[in-house]
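The residues making up each chain are set out below.
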Amino acid sequence: MDAWHSGKTLIAPGSFRTTNINTDRKSDMSYAIIGFGAVGQALARMFARKGIEVAVASRRQPEALAPQANAIGPTTVPKTLKDALEADIIMLAVPYGQHRDVAKTRASWKGKIVIDVTNTLEDLGGLPSSSVIARALPDAQLVKAFNHLPARVLAEDPAINGGRRVVFLSSDDESATATVAALVEQLGYAPVNLGKIAEGGQLVQGRDGIWAPLIFQDLFKKTQ
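Residues numbered from 1 in each chain as written. Predicted model: local features only at pLDDT ≥ 70, side-chain atom pairs only at ≥ 80, totals over all residues. Heavy atoms only, no water.

### Details of the pairing of strand β4 (residues 54-57)
Turning to step 1, where the next piece is worked out: Burial of β4 is two-sided: the residues Val54 and Val56 facing one way and the residues Ala55 and Ala57 facing the other way are all buried.
Turning to step 2, where the next piece is worked out: Across 3 bridges, the pairing between strand β3 (residues 31-34) and β4 is parallel. Paired with isoleucine 34 across the two strands is alanine 57, which belongs to β4.
Turning to step 3, where the next piece is worked out: Handedness of the crossover joining β3 and β4 through helix α1 (residues 38-49) is recorded here as right-handed.
Turning to step 4, where the next piece is worked out: Of the strand pairs in this sheet, β4 and strand β5 (residues 76-78) are connected by 3 bridges, and their pairing is parallel. In the sheet register, alanine 55 faces β5, and the bridge partner there is valine 77.
Turning to step 5, where the next piece is worked out: Once you follow β4 into helix α2 (residues 62-72) and on to β5, the crossover reads as right-handed. (Buried < 20%, exposed > 50% of the residue type's maximum accessible area, 1.4 Å probe, protein only. Helix = DSSP H or I, 4+ residues; strand = E, 2+ residues; numbered from the N terminus. Pairing = 2+ DSSP bridges. Right-handed = clockwise from strand over helix to strand, strands pointing away.)

In structure tokens:
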């Protein structure tokens, strides 16, 4: 039986939706991390652990990112923002307010899967921040994921206490969720689907000046 644990807390399997994994995902998909601060570098380490190439970009030029990228490993490749956004799956790890600048870099987001790793406590008129970002990236397939773990935890090995760290997913696009779930599995984590952004996804959104209950919760999935 599968169960989710956090310290002494056990979360029953029935608490979450079934997570569909896209087993037909292309093996040659390309990846990019936009934002190369503490969170972006932690995400890059996830890919490096599995030997998966990932482009990294920020408002700075690629050569400015090279020292940190080289320290992570050869699979971390600095690129310009424009070039990095050509990737199939894009992880948005910039401070929330900068997502508008990223959005302006591409004329079309059609065909792009964007993983929203951002958090904010801004007053957004009751809307989840992921819904605001989705509006800024028209036609993108947006999935909220990886935002509930702080950078220091993201940088650690996902294998813990005989299980795997949980990564929560929420999206209004089931196909994109399944594709991102496959990536989460490939990176060594356990994907848990919370459903649509305005429904279960609210559990990992900052709102009304407070953090939702699952933000910063370090859970792991263990098979008994």
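### Let's talk about the side chain of arginine 165
Turning to step 1, where the next piece is worked out: With respect to the helices and strands, the residue arginine 165 is situated in strand β10 (residues 163-171).
Turning to step 2, where the next piece is worked out: Polar contacts involving the side chain of arginine 165 include one to the main-chain carbonyl oxygen of aspartate 157, which spans 2.9 Å.
Turning to step 3, where the next piece is worked out: Beyond its immediate sequence surroundings of up to four residues, arginine 165 is in contact with Leu149, Val153, Glu156, Asp157, Pro158, Ile160, Tyr189, Ala190, Asp218, Leu219 and Phe220. (Polar contact = N/O pair within 3.5 Å; in protein donor to acceptor, adjacent residues only side chain to side chain. Contact = heavy atoms within 4.5 Å.)

### As for the pairing of β10
Turning to step 1, where the next piece is worked out: For β10, the tally of buried residues reaches 8 of 9 residues, placing the bulk of the element in the interior.
Turning to step 2, where the next piece is worked out: Here strand β8 (residues 141-145) pairs with β10 via 3 bridges, running antiparallel. If you follow lysine 144 over to β10, its bridge partner there is serine 170.
Turning to step 3, where the next piece is worked out: Taken together, the 2 bridges between strand β9 (residues 159-160) and β10 define a ladder with antiparallel strand orientation. Its bridge partner lying in β10, alanine 159 is registered against arginine 164.
Turning to step 4, where the next piece is worked out: The hairpin turn running from β9 into β10, its antiparallel successor, is 2 residues long, and asparagine 161 in that turn takes a positive phi close to 50°.

### Describing the nonpolar core
Turning to step 1, where the next piece is worked out: Judged by nonpolar contacts, the single largest core of 36 residues is most densely connected at Ile33, Leu43, Phe47, Met91, Ile115 and Phe146.
Turning to step 2, where the next piece is worked out: Contacts of methionine 91, omitting those with residues within four sequence positions, involve Ala32, Ile33, Ile34, Leu43, Met46, Phe47, Ile115, Val117 and Phe146.
Turning to step 3, where the next piece is worked out: Core analysis: the second largest hydrophobic core is formed by 22 residues, Ala84, Tyr96, Ala103 and Leu142 among them. (Core = buried A, V, L, I, M, F, W, Y, C linked by side-chain atoms within 4.5 Å.)

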